[in-house]
Structure formats: C-alpha cells, structure tokens
Amino acid sequence: MLKKMAVALSFCLMALAGSVEAKELSNRLGVGVKKNTSLDLPELAAVYHFAPDLSVTGGLGIDTQKDYSKFSFNAGVRRVVFKEDNMNFYMGGSVGLVNFETAGDKESGFELNALFGGEFFFTGLDSLAFTFEGGVGVISADNVRFRTIADGPFNAGIIFYF
C-alpha cells in the first residue's frame, strides 16, 4: 500500500514539474527542514540569500533518546551555477559538528561535504522551495569514513522563504 502511494506521488510530482519557475531570492531568508547528514537525523534548516547567486545555509538536528542520542550542527555556502526555467542549480559545501551515542558510548567529530543541488518552486507557491542535494562527504568521529550523499524524492528539503 505504501509503495503504491509513493509511486502515485512520484507521478504527480513529475506531472506538475512543467509548472515550476526559477525565483530571484536576493535578501530573502528561508527556514524549513532537510535531512542529509551522516547521522540520518532530520534537521531544522535556514538559508539566507545575501546576493543573487550566493547564500549561506545552516542546520540543527537533535535527538535525545536515552543511550542513543544524536546531535548535528552545520553551516555552509552555496553558489548558483545557473538558472533553468524550472530551478536554480547550485554547488557548494558545508562543515559541521556531529555527536552520537550508541549503547551509552559517545562519539564526537566533524563532517565536511561538497554538494550540488537544485531548488525549485511550483507556480502559485512563490515562497515554498523544494530542494535536493547530492555529493560526497567525509566524517571523522571514532574513525574517518567517506560517503556519498543523495536526497531521494521523499527525502528532499522543504524551505519557506520570507
């Protein structure tokens, strides 16, 4: 049942994709949600576009589950590489702090990501952006590991711009 709903929602999003537009976002602040840290932790996100092609981003995720807590904080920068009729395509990077606990054993470290992504708007929803990101990253906590990053259609970020 859930699989059928996911497929139906995917087709609806693809059918509506023809009615999206790129937006000018200079001097606009956006807040919302995203989920692309190595901890698989949803984050509250913020984006501020201080120039037509440059923005700064940030995210904060917290889960205080006993003996399995998680924390992430990150900041980054984006540069719009080109604007399509349907979306703004950007590249950038982020750096963050991570802390997690597994069965009472706590680990802390950093995360460094190189990202590309897109941000698009549906017609009539000029302040609501849907984002996706991909790229590569490195995390250093108890050991160093490399990883790929990819937001699927049901894991993308949603940002509301003021």
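Structure: see above.
Residues numbered from 1 in each chain as written. Predicted model: local features only at pLDDT ≥ 70, side-chain atom pairs only at ≥ 80, totals over all residues. Heavy atoms only, no water.

A. Structural detail: the overall build of the chain. A tally of regular secondary structure across the chain gives one helix and 10 strands. Secondary structure elements of the chain, listed N to C terminal, follow the sequence α-β-β-β-β-β-β-β-β-β-β. Expressed as a percentage of the 162 residues in the chain, the buried residues total 38%. Contacts in the chain between residues at least 24 apart in sequence constitute 51% of all its contacts with a sequence separation of at least 6. (Helix = DSSP H or I, 4+ residues; strand = E, 2+ residues; numbered from the N terminus. Buried < 20%, exposed > 50% of the residue type's maximum accessible area, 1.4 Å probe, protein only. Contact = heavy atoms within 4.5 Å.)

B. Representation of the nonpolar core. Among the nonpolar cores identified, the biggest contains seven residues, and these are L25, A45, V47, F121, A129, I159 and Y161. Every element with two or more residues in this core is listed here: β3 (43–49) and β10 (157–161). Membership of the second largest hydrophobic core comes to five residues, among which are L41, V98, F100 and I139. (Core = buried A, V, L, I, M, F, W, Y, C linked by side-chain atoms within 4.5 Å.)

C. The pattern of salt bridges, seen in detail. This structure, assessed with the given rule, holds five salt bridges. A salt bridge links E119 to R78, with the shortest nitrogen-to-oxygen separation between them at 4.0 Å. Here E119 is found in strand β7 (residues 105–122), whereas its partner R78 is found in strand β5 (residues 70–83), with 41 residues between them in sequence. Among the residues examined, R78 registers a relative accessible area of 10% and is labelled buried. Here R78 makes a salt bridge to E133, at a shortest N to O gap of 3.5 Å. Residue R78 is located in strand β5, and its partner E133 is located in strand β8 (residues 128–140); the two are separated by 55 residues in the primary sequence. Both residues of the pair, R78 and E133, count as buried. Put simply, R78, E119 and E133 are held in one network by salt bridges that share partners. (Salt bridge = Lys/Arg side-chain N within 4 Å of Asp/Glu carboxyl O.)

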